[in-house]
Amino acid sequence: MKGRGVRHDVPPQGARHGAEAAARLSPLPSNGRRPFLLRAPAAGPAAHPSACGSGGNGPGGAEAGGGLVRQFPVCCSLSARASKMEKMADDDDARETLKPLVFRLHENAPAIVREVLLERGWTEFDQKEQDDTDWNLYWRNSPFPMTDHHSIKPWQRLNHYPEAVRITRKDYLARHLKRMKGAYGSTLYEFSPVAFIMPNDYIKFIAEYSKERQSVGRRPSYWICKPVHLSRGRGILIFQDIKDLVYHCTVIVQKYISNPLLISGYKLDLRLYVCVTSFCPLTIYTYEEGLVRFATEKFDLSSLDNVYAHLTNTSINKYGASYKTYKEGIGCGCKWTFSKFRSYLRIFGVDDMLLWQKMNNIVILTLLAVTPLPEASNCFELFGFDILIDDKFKPWLLEVNYNPALCLDCSIDDTVKRKLLHDIVELLNYKQNDTHRQNEMPGSKAVRRQVPWRRTGQSIPEGAPDLLSCQKVSACISASPTQPALQFARGSIRKVSTLTKKTARAHPRETLTSQLREKRNMPKASSQGKTEAKNKQLPAVRSPLISAQLSRWSPSPEACNYKLSTRPYFLSDKDQMPIRQVGGFVLIFPFNEAALQASKDGIDVKSIIKEINKLVSKQNSTRQRKA
Ligand code: ADP
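About the thresholds
Residues numbered from 1 in each chain as written. Predicted model: local features only at pLDDT ≥ 70, side-chain atom pairs only at ≥ 80, totals over all residues. Heavy atoms only, no water. Near = heavy atom within 4 Å. Polar contact = N/O pair within 3.5 Å; in protein donor to acceptor, adjacent residues only side chain to side chain. Areas by Shrake-Rupley, 256 points an atom, 1.4 Å probe, with all protein chains shown as cover. Helix = DSSP H or I, 4+ residues; strand = E, 2+ residues; numbered from the N terminus. Nonpolar A, V, L, I, M, F, W, Y, C, P; charged D, E, K, R; others polar. Pairing = 2+ DSSP bridges. Axes fitted to C-alpha atoms, helices over the stretch in contact; angles between N-to-C directions. Contact = heavy atoms within 4.5 Å. Salt bridge = Lys/Arg side-chain N within 4 Å of Asp/Glu carboxyl O. Buried < 20%, exposed > 50% of the residue type's maximum accessible area, 1.4 Å probe, protein only. Parallel < 35°, antiparallel > 145°, perpendicular 65-115°, else oblique. Left-handed = near helix turned anticlockwise from the far one by under 90°.

A. Region of interest: the site of the ligand. Close to the ligand lie 24 residues; Lys226, Gly233, Thr312, Asn313 and Glu399 are nearest. Within the side chain of Lys170, a nitrogen or oxygen atom sits 2.8 Å from an oxygen atom of the ligand. With respect to the ligand, the side chain of Glu399 contributes an N or O atom lying 2.5 Å from an oxygen atom. Taken by itself the ligand offers 540 Å² of open surface, and the protein chains cover 99% of this. Listed by contribution, the elements that provide at least two residues to the shell around the ligand are β6 (223-227), β8 (251-255), β10 (266-279), β14 (381-389) and β15 (395-402). Across the shell around the ligand, the residue classes break down as 9 nonpolar, 6 polar and 9 charged.

Below, the structure is given as structure tokens:
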């Protein structure tokens, strides 16, 4: 079919979405014309994150290649896609077969999600007109009911993982990190400030507080008290003397980083976007562009109650008297992009790449702390990691946000978040089949490939994730010449095949999983059709696959063995590895073959930590050599 050929266009030179990403589908609306309605700024050079912002271009501007943030070929990739879609619009076949992708928003979903998806030619789900399963992306601000996870279809994605809240509540995060520190040593896990959960840890806190006070010559620490269930800086208190500590709910009392990096006297922190496309196998992307958030009054330890000097939340600072005024060295407003920050650091000879590596290490170590999460297919989680840099350029993890704010307070928000959302949709790797939103029938065009096998001896592809400076890893691959090394969903295949053998041996192994899946995924059609479909579905006996899923929501290391049979959407067609880079998203885990092996059949945290330790010592020795 002619229209299909278009999907395999090679992206233009300079486009960083690989050939794979470029080949992904951005469907035409029903009129066959793709409304590529990118806002004016996003279509020109001004769309470059470094070119926006309250303070204008950062010193030195963005530099191409090799840095914390390299050039974003927004214009290249999007215009290339637009022209590709125009080509498709001229193609009668394509016009006939392509339907738009459909998004579904729950109440209070961010407006920009709708805007971006409409820009991309998607249409919005209409509950009255459309079948319950007739959508591709469901976005909501709160966790999905488990029934939504259980009934997920191959063409659908959900924007939350079950139980992702395990790291996004401040007390849970503190507990997990403390446990990891105990198990794997404080050298790796010393990136989060010491924290006490109150009232439970009150006695421990008093012991620590008193010990400090009694040690001669040591300046007593400052502390920050944060309600565990609040966000946006609400209810926060900073204190030095325990008599000032007051709380009425569960809080964490954390050591206050009292020597933050300041720019022109203003405190800042970084909002790093992290997308997890799977917890099992663990697959993590960090976003190269992000937000630097400034306090709007100068840092001053003698005025601990001045929230405009000590908190960097935009939700607070946008109400500060100095928000709109020009602040020397910072500009107006309270935000920079990472690009601008990186340029700033380079001017002062700071190794921004090293900082980036450290931040990526923090992300991996933090996410490892909450594994295993219950398995769920076809979902993703966008986290906002808040990272504070101290005056020795050490990054500290302050917290991890569920639903990082996607509101647009300023032009920088617009640039960063709009591109972020476009890239998320790219990362979701929709295929032409997904527009059909039908169950996959064996032999039909919509059949997805089974998770393929990679033979021993095939190496991780050239150019595997390098942000963590990993070695080329082909040598690490397991050695058995006869045993095929399974790709990511090995656990799933094994489990599914065991189940299916038990249920219906008559079918050949390869097709049975998809048949089972079809039965499970039978769409709701007309009401008559529904009854018929019901009758055709698996009889009263519950599918063992479903039983397995229903019974495994209490997390266990076994969780990974029950993966749904859907092929993980984030694997590249070319090499069946997670796609290494999509727009600004860069794969940071797995970072080498050993990490991959240790995370695919249940998470072997110990082995992964061993790999991270090797990585960190390699990073350190590179740094020492440079110095
Ligand atoms: P919230 O969820 O309410 O935003 P955060 O933990 O992100 O809570 O804290 C809000 C702000 O307070 C941060 O953006 C940062 O500026 C400041 N802050 C939080 N914890 C610390 C800390 N341990 N040391 C220094 N500053 C902190």
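B. The sheet that holds strand β7 (residues 237-239), seen in detail. The antiparallel open sheet is built from 4 strands, whose spatial order is β5-β8-β6-β7. If you trace the sheet from one side to the other, it starts and ends with β5 (195-198) and β7, each paired once. Each neighbouring strand pair of the sheet contributes to a mean axis angle of 20°, computed without reference to strand direction. Note: β5 against β8, 4 bridges, orientation antiparallel. In the strand pairing of β8, Phe196 is matched with Val253. Its contacts with the sheet put helix α9 (residues 170-184) on β5, β6 and β8, and the angle it makes with β5 is roughly 130°.

C. A look at the pattern of salt bridges. Within this structure, the stated rule accounts for 28 salt bridges. The partner of Glu115 in a salt bridge is Arg418, with the nearest N and O atoms 2.8 Å apart. Residue Glu115 is found in helix α6 (residues 111-119), and its partner Arg418 is found in helix α15 (residues 411-427); the two are separated by 303 residues along the sequence. Glu115 sits in the partly exposed class, given a relative accessible area of 30%. A salt bridge links Lys211 to Glu208; the shortest N-O distance between them is 3.9 Å. With Lys211 and Glu208 both in helix α10 (residues 202-214), this residue pair falls 3 residues apart, about one helical turn. Judged by relative accessible area, which is 18%, Glu208 ranks as buried.

D. Local environment of the packing of helix α20 (residues 593-600) against helix α21 (residues 605-626). One way to put it is that α20 packs onto α21 with a least axis distance of 8 Å and a crossing angle of 165°. It follows from the interaxial angle that α20 and α21 lie roughly antiparallel. The way α20 lies across α21 gives a crossing that is left-handed. On the side of α20, the interface is formed by Ala594, Ala595, Ala598 and Ser599, while α21 contributes Ser607, Ile608 and Glu611. Here the contact of α20 with α21 is built from residues that sort into 4 nonpolar, 2 polar and 1 charged.

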